[in-house]
Number of protein chains: 2
Amino acid sequence: MQLYGFFRSSAAYRVRIALALKGLDADQVSVHLGKGHQYGEAFAAVSPQNLVPVLEDEGRRLYQSLAIIEYLEETHPRPALLPNDPFERARVRSLALIVACEIHPLNNPRVLNYLTGKLGVSEDQKLEWYHHWVKMGFIALERRLMSERQTGRFCHGDAPGLADCALVPQVANANRFKVDLSDFPTIRRINEACLALDAFQRAAPQNQPDAE
Amino acid sequence: MQLYGFFRSSAAYRVRIALALKGLDADQVSVHLGKGHQYGEAFAAVSPQNLVPVLEDEGRRLYQSLAIIEYLEETHPRPALLPNDPFERARVRSLALIVACEIHPLNNPRVLNYLTGKLGVSEDQKLEWYHHWVKMGFIALERRLMSERQTGRFCHGDAPGLADCALVPQVANANRFKVDLSDFPTIRRINEACLALDAFQRAAPQNQPDAE
């Protein structure tokens, strides 16, 4: 398997965690997002959307981090990243989708560039935007994680799963942009429990070959 | 089953299509997004995120449209909205996620309100933003749908599925905001094939009890 990613891409980070949790190895191909390499010819031939991550497996290409993780779950079921019961599976997926649909899309570089470029928004306004959407999403996540009985040491029970694959990279991003997380004790607790695991460490941005 | 939604919510529309394709009935509870009822006390008790859709089934609540559709797929497998093969399933999911993660989150009302309110963006700039993200996503979708051999009468083969549940509401939104879709012939063709089906008609915004 080959994973096209970038150390700082939180969507690639999600997939790295899933691979590590399942004990799978993928050769990493670094696509430097800071230098705009996602728009270069070489990568455009790989990804019609100029987005990482892309996973290649048996000569076929897979796009979109959550679809890639579901694929890994179906092709390498153990250890499971989703529970067995359909309702519980929906719970885990919905927690991951809060990150993937409600937070991350608003704060990725191309959106921030549109704000500061085309819309002439100031650096302060850009940071306020960034913090706003992280907090909106984290308020919802915290409420659910705090109140739902299925929450355990991790987002769902006492083993890490799909929701944790999404949460930890989002917390890393929030920390990078200095979002105050004091109102989110359950998120912080779960994040710490994850980071204590070897798989999450191996997947962490600072431990990638292309880390700066 | 009860579906909390709103006729114009494209995420609720996705779930309505999936229910209709599977021949399932849900009582609809309308949450008027235009009047801000998603922030009212009654709905806040239902949804920690003040977002529709929410599906209630056997007294349990499910959030996030794609997680809800996966739940319906697992609990009511026929007709299938996902193919059998893991790689093909990943393809369909990734097409749906282009809509759900790359287009829709940037163009929903709370984001547009932030632009015109807090950032003082003009109506024209807001529309340009809207069109920009639809086009970015549709360029990627069109490229894939046009070039990948699995595309058939619908996004994947000759039966409607999960990706169509996401695509059709996004096209409806694009039309509502007068996005020029002439560069996206495959998307338009698939959208028309879907709208020719009774299930998509029954799910359409204008055919809901709360339509205005």
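Residues numbered from 1 in each chain as written. Chains lettered and ligands numbered in written order. Predicted model: local features only at pLDDT ≥ 70, side-chain atom pairs only at ≥ 80, totals over all residues.

A. Molecular detail of the sheet that holds strand β4 (residues 60-63) of chain A. Residues and elements named next belong to chain A. Sheet architecture is open: 4 strands sit in the order β2-β1-β3-β4, paired in mixed fashion. Since the sheet does not close on itself, it has two edges, and those belong to β2 (27-30) and β4, each with one partner. Averaged over neighbouring strand pairs, the angle between their axes works out to 20 degrees when direction is ignored. Inspection of the sheet shows strand β1 (residues 2-5) paired to strand β3 (residues 54-57) by 3 bridges, in the antiparallel sense. When the sheet's bridge partners are listed, Leu3 is paired in β3 with Leu55. (Pairing = 2+ DSSP bridges. Helix = DSSP H or I, 4+ residues; strand = E, 2+ residues; numbered from the N terminus. Axes fitted to C-alpha atoms, helices over the stretch in contact; angles between N-to-C directions.)

B. Representation of the sheet that holds strand β3 (residues 54-57) of chain B. Residues and elements named next belong to chain B. With respect to topology, 4 strands assemble into an open sheet ordered β2-β1-β3-β4, the strand pairing being mixed. Edge positions in the open sheet fall to β2 (27-30) and β4 (60-63), since each of these has one partner strand only. This sheet shows a mean twist of 20 degrees between the axes of neighbouring strands, independent of strand direction. As defined by bridge partners, strand β1 (residues 2-5) adjoins β2 across 4 bridges and the pair is classed as parallel. In the sheet register, Gly5 faces β2, and the bridge partner there is Ser30.

C. Broad picture of the domain arrangement of chain A. Residue and element names in this part refer to chain A. Taken domain by domain, chain A holds domain 1 (2-79) and domain 2 (86-199). One C-alpha centre belongs to domain 1, the other to domain 2, and the line joining them spans 20 Å. Facing 11 residues of domain 1, the contacting portion of domain 2 comprises 15 residues. Elements with a contribution of two residues or more to the side of domain 1 that touches domain 2: α1 (10-21) and α3 (65-75). With 7 residues, the top contributor of residues to the side of domain 1 that touches domain 2 is α1. Residues of the side of domain 1 that touches domain 2, tallied by class, amount to 9 nonpolar, 1 polar and 1 charged. (Domains from an automatic or database assignment. Contact = placed C-beta atoms within 7 Å. Nonpolar A, V, L, I, M, F, W, Y, C, P; charged D, E, K, R; others polar.)

D. Local environment of the interface of chain A and chain B. Counting residues at the interface gives 33 residues for chain A and 33 residues for chain B. With 13 residues, the single largest contributor to the side of chain A that touches chain B is helix α4 (residues 86-107) of chain A. For the side of chain A that touches chain B, the residue count by class is 20 nonpolar, 5 polar and 8 charged.

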